[in-house]
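So you can see what is in the structure, the chains are spelled out below.
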Amino acid sequence: MVNRKLAPGINNVYEIDYLLPEKWKLDNGIDIWGINAGSQELVKIDFMFDAGSWHQSRNLVAGMTNALMSQGTGKYSAQQIAEIFDFRGAYLQLSADQQFGNVTILTLNKYLPEILDVTADVIKNPTFPAKEVKTQLAKKKQHFTIENNKVKTIAQKKFSVVMFGDEHPYSNTNVVVDYETLTRDDLVCFHSERYTSDNCRIILAGCYDRQVKELLQKYFGDSNWSRNGEKVQNPEYIIKPSMQMAHFFEKTDALQSAIRIGRHLPNRAEPNFFGLNILITILGGYFGSRLMMNVREDKGYTYGIGAGIFTQPNAAYLNIITEVGVNVCGAALDEIYSEIDRLQNEPVPDEELDIVRNYLLGETLRSFDGIFAMSASLKTLIESSLDYSHYDSFVQAIRSVTPAELQLLAQKYLNREELYQVVAGRV
Amino acid sequence: MIDYKKHILKNGLRVIVHTDKTTPMIAVNVAYDVGSRDENPQKTGFAHLFEHLMFGGSVNIPSYDTPLQNVGGDNNAFTTNDLTNYYLTLPSQNIETGLWLESDRMLGLAFSEKGLNVQRNVVIEEYKQRYLNQPYGDVYPLVKDLAYKVHPYRWPTIGKDISHIENATLDDVKDFFYRYYAPNNAVLTISGNIDSDEAFKLATKWFGSIPRQDVPMRNLPVEPKQIDYREKRVEREVPYPGVYLSFHMHDKLSPDYYVTDLISDILSNGQSSRMYRNLVIDSGLFGELDAYISGDNDPGLFTVAGKLINGVGIENAQKKIWAELDRITNERVNPVELQKVINKVEANLIYSEINYLNKAISLSAFELLGDVDLINKQGDFYRGVDSDKLRDVAQQIFRKENCSTLLYEKK
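Keep in mind the model is a prediction, meaning the values are calculated, not measured.

We now examine the sheet that holds strand β6 (residues 186–192) of chain B. All names here are of chain B. Taking strand neighbours across the sheet as the criterion, the six strands line up as β1-β2-β6-β3-β5-β4 in an open arrangement whose pairing is mixed. Unpaired on one side and paired on the other, β1 (5–8) and β4 (74–79) mark the two borders of the sheet. On average, each strand axis in the sheet is tilted by 15 degrees relative to the strand beside it, whichever way the strands run. Looking at chain direction, β4 and strand β5 (residues 84–91) are connected through six bridges and run antiparallel. Bridge assignment links Asn75 to a residue of β5, and that residue is Leu88.

What follows is the structure in structure tokens.
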């Protein structure tokens, strides 16, 4: 019989295999990173452009330009593009965030020539047909209106404005009328300025050979989609946080209230980033975290609560996120602050810190497991202009951080009077 | 093609192993053959509530999560109409910690009033978050209640009513555990960086001594054939009206299940699909429109769900959906269109082979359905569908008297 009272031996020594990417340039200067791995004959390719809301002059332009690129091009109609991808079981994913506009494809290798041919036209020659613009705007407006009825959306939007000020691109100030006033010209103009070869980076991941590289050169390596050395100005913004720390937005029919609590923190390349990352993991970054154990597993106030550091190229911030029953909203806030106070007042016990170290090492292993994870981890580095030593430093910090260091960080960065608090719903 | 080996332990536990050396990790997946369809109609939501209690410590181990996190592991679980599934992933050298934890909670749980109290509240908050505090949140329970009169699919997994969760007692919970949580009512799948011999040896070491139990035979009421069109109207505080048409379809072991899946792809999978093209883009009637199958083991539902663009009449919207359903019922699908959806399924099967955890979850689910080898036969089932078959199945399903319509109007 096995002895079930005794835990099996554990071994937390493992090498994390980054599989460093190879890097080369297309003839027109586009940087490509390649991760050659996986046993399935498929590739995922990310085309990244500096074309996020950071670069737009009015709301929605970056997102709608990106979303509409597949809705008609010089050579193909929206329907043809959709047919070509669907017939091959390939995926075209368009997304834009605050900083980047992304075009991502996933396809079996055998279809790559046709898929790249269409993708090149989507990226270089979208025509933004008036009818498709109108239909997509109506569709997105509907989605926006529905989302705006959710307490979590209300809280998150207000939180972004409180943290960054309403003129900063990291705050979400979209309103319904934006969907009615955006014009086709806005999109055409943004596309021609931003989706150019001088503004493009490519990540290739999967099983690839020389032929795949040649195809990328053939479809994207020309000089005919550059701005010929003419520079586009990248705007600069100043973060203007709210002077008021606590904000409440009433939704009278809410059954749960959404809570956001946070503040600005040092970014990835700054000295305290790793220590803070570990500290915030202890607070709310995994299932066994203090917030989960207290607010969910002891009090039952919520289905879930978490805390994390959200990073963008130009800012990083703490965000504590939960939705709680309206009748226990005040009590939940008290518990959240009591957990923050505890991090300031008491050193983290060694036993708990060891668990977090081991959990985070496992997570690091996961973030390089498989082509999708490897490519996502690489993208994070490229977005922040970092290299793989960033992950080495994180592993080093996980192994060496002390309870005393963490307590000092908590005392420096988690003072209650410096935390912004947003509640949407009822209290 | 997913290579696997299967072995049944003396206590009836089915063990499946899939080796994938491209990952440094291992997944341990335990699926119990109990879902919300096995619940007492007066005590619904139990299978799911129980899933929450499985994380409260077991007979020999006070905390489930702590030892797992301590070896770099991560875990979660989900409950469906048909089964309750627990999974964890960890670095391969720590596999025994995973098996130790999973086997101990199969052996017995540390039941406590405090744990039950807390998880009741957590599940009630989950109920609010998913179903009550969201626009359109109650659509799914309303659709099920309209389409099923007898079969337990008529209530949602989270439970028919919050009071059922509020009233759950510790005795109810214990009774549920001893009834269903037995090795002979479960499938253990181990996938990832491990050889099959080693995996079977370790599975036997940790699970082999758990006693077999008497598990009640499943004997569910069969949903009588629907013979009359059903329609229900509700009014809610939502920005846009919604239309939901649900049709009874075949069970998951029927070849027609795969035909129906392809029908849903032709109608609404991808931007080239018929409903997306015709009703969302060209005529601009809907902001969102989806056709999907519920994926249940017993006969499930084929649902068309749409949210109308402002100003579109709800009757007109229904008419346009029916026109698409009539077209696929009356006209043969052309070969290129059929090939398209088959290609898509085939590509998706290849994409799904990348992830060792997904493979473990699928292997367990197919074994519980009745035949683990279905995981490698699916492709052939899809490839074998022709346009006649597609039309036949569409004719069986898209009949007015087989339809339950929910009209979700704006207050």
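More follows now that the structure is in view.
Attention now goes to the domain arrangement of chain A. Residue and element names in this part refer to chain A. As far as domains go, chain A holds domain 1 (22–220) and domain 2 (246–425). The C-alpha centroid of domain 2 is placed 30 Å from the C-alpha centroid of domain 1. Of the residues lining the interface, 30 residues belong to domain 1; the matching set on domain 2 comes to 31 residues. A combined buried area of about 2800 Å² lies between domain 1 and domain 2, and 76% of that area is made up of carbon and sulfur atoms. When the buried surface of domain 1 facing domain 2 is broken down by residue, Val151, Phe159 and Met163 rank first, second and third, together holding 22% of it. Connecting domain 1 to domain 2 are zero salt bridges. The tally of links between domain 1 and domain 2 comes to eight residue pairs in polar contact (both at pLDDT 80 or more). Sorting the residues of the side of domain 1 that touches domain 2 by element identifies β2 (31–36), β3 (42–49), β5 (101–108), α5 (151–164) and β6 (200–206) as the ones contributing at least two each.

This part takes up the domain arrangement of chain B. Residues and elements named next belong to chain B. If you check the domain split of chain B, you get domain 1 (5–207) and domain 2 (230–410). Taking the mean C-alpha position of each, domain 1 and domain 2 sit 28 Å from one another. Every contact between the two is made by 38 residues of domain 1 and, on the other side, 33 residues of domain 2. In total, about 3100 Å² of surface goes out of reach between domain 1 and domain 2, with carbon and sulfur atoms giving 65% of it. Considering only the side of domain 1, the residues that lose the most area to domain 2 are Tyr136, Leu142 and Leu146, jointly responsible for 22% of the buried surface there.

This paragraph deals with empty space enclosed by the protein. Counting across every chain of the model gives one cavity of 30 Å³ or more. Estimates place the volume of the largest cavity at around 30 Å³. Lys150, Val151, Lys152, Gln256 and Glu323 of chain A together with Gln129, Asn133 and Gln134 of chain B together form the lining of the largest cavity. When its residues are assigned to classes, the lining of the largest cavity shows one nonpolar, four polar and three charged.

All names here are of chain B. Under the criterion given, the structure shown has 57 salt bridges over all chains. A salt bridge links Arg14 to Glu367, with the shortest nitrogen-to-oxygen separation between them at 3.1 Å. With Arg14 in strand β2 (residues 14–19) and Glu367 in helix α13 (residues 356–369), this pair connects stretches of sequence that are 353 residues apart. The exposure class of Arg14 is buried, given its relative accessible area of 17%. Of the residues examined, Glu367 reaches a relative accessible area of 4% and is grouped as buried. Of the charged contacts, one joins Arg233 and Glu231 as a salt bridge, the two residues approaching to 3.9 Å between their closest N and O atoms.

Once that is clear, we can look at the interface of chain B and chain A. Taken together, the contact pairs 75 residues of chain B with 73 residues of chain A. Overall, the association of chain B and chain A removes approximately 6300 Å² of surface from exposure, summing both partners, and the carbon and sulfur fraction of that is 54%. Note that Glu83 of chain A is salt-bridged to Lys340 of chain B, the shortest N-O span being 3.6 Å. One can count 32 residue pairs in polar contact (both at pLDDT 80 or more) joining chain B with chain A. At 11 residues, the largest contribution of residues to the side of chain B that touches chain A is made by helix α4 (residues 113–132) of chain B. Each residue belonging to the side of chain B that touches chain A can be placed in one class, and the counts come to 29 nonpolar, 29 polar and 17 charged.

Looking now at helix α9 (residues 273–284) of chain A. Residues spaced three or four apart along an α-helix face the same direction, because each turn holds 3.6 residues. Residues and elements named next belong to chain A. Between its first and last C-alpha, α9 extends 16 Å over 12 residues, near the 16 Å set by a 1.5 Å rise per residue. For α9, the buried fraction is high: 11 of the 12 residues fall into the buried class. Of the positions making up α9, those classed as buried are Phe273, Phe274, Gly275, Leu276, Ile278, Leu279, Ile280, Thr281, Ile282, Leu283 and Gly284.

All names here are of chain A. Sheet architecture is open: six strands sit in the order β1-β2-β6-β3-β5-β4, paired in mixed fashion. A single partner strand is all that each edge strand has here, and the edge strands are β1 (22–25) and β4 (91–96). When the angles between neighbouring strand axes are averaged without regard to direction, this sheet yields 15 degrees. Strand direction decides the pairing type here: β4 and β5, joined by six bridges, are antiparallel. Counterpart to Leu94 in the pairing with β5 is Val103. Sheet contacts for helix α8 (residues 210–220): β1, β2, β3 and β6; angle to β3, the most-contacted strand, approximately 35 degrees.

Here we take up the environment of Asp46 of chain A. All names here are of chain A. Along the chain, the position of Asp46 falls in strand β3. Here Asp46 falls in the buried class, since its relative accessible area comes to 4%. It is 5.0 Å that separates the C-alpha atoms of Asp46 and Ile203, two residues lying 157 residues apart in sequence. If we skip the residues at most four places from it in the chain, Asp46 touches Val103, Thr104, Arg201, Ile202, Ile203, Ser375 and Lys379. Polar contacts involving the side chain of Asp46 include one to the side chain of Lys44, which spans 3.3 Å.

Reading guide: rules and limits
Residues numbered from 1 in each chain as written. Chains lettered and ligands numbered in written order. Predicted model: local features only at pLDDT ≥ 70, side-chain atom pairs only at ≥ 80, totals over all residues. Heavy atoms only, no water. Pairing = 2+ DSSP bridges. Helix = DSSP H or I, 4+ residues; strand = E, 2+ residues; numbered from the N terminus. Axes fitted to C-alpha atoms, helices over the stretch in contact; angles between N-to-C directions. Domains from an automatic or database assignment. Contact = heavy atoms within 4.5 Å. Buried area = accessible area lost by both parts, 1.4 Å probe. Salt bridge = Lys/Arg side-chain N within 4 Å of Asp/Glu carboxyl O. Polar contact = N/O pair within 3.5 Å; in protein donor to acceptor, adjacent residues only side chain to side chain. 1 Å grid on protein atoms, 1.4 Å probe; cavity = no way out; pocket = protein on both sides within 12 Å on 5 of 7 lines; lining within 4 Å. Points joined across faces, edges and corners; volume = space filled by probe spheres on them. Nonpolar A, V, L, I, M, F, W, Y, C, P; charged D, E, K, R; others polar. Buried < 20%, exposed > 50% of the residue type's maximum accessible area, 1.4 Å probe, protein only. Expected span 1.5 Å × (residues − 1).

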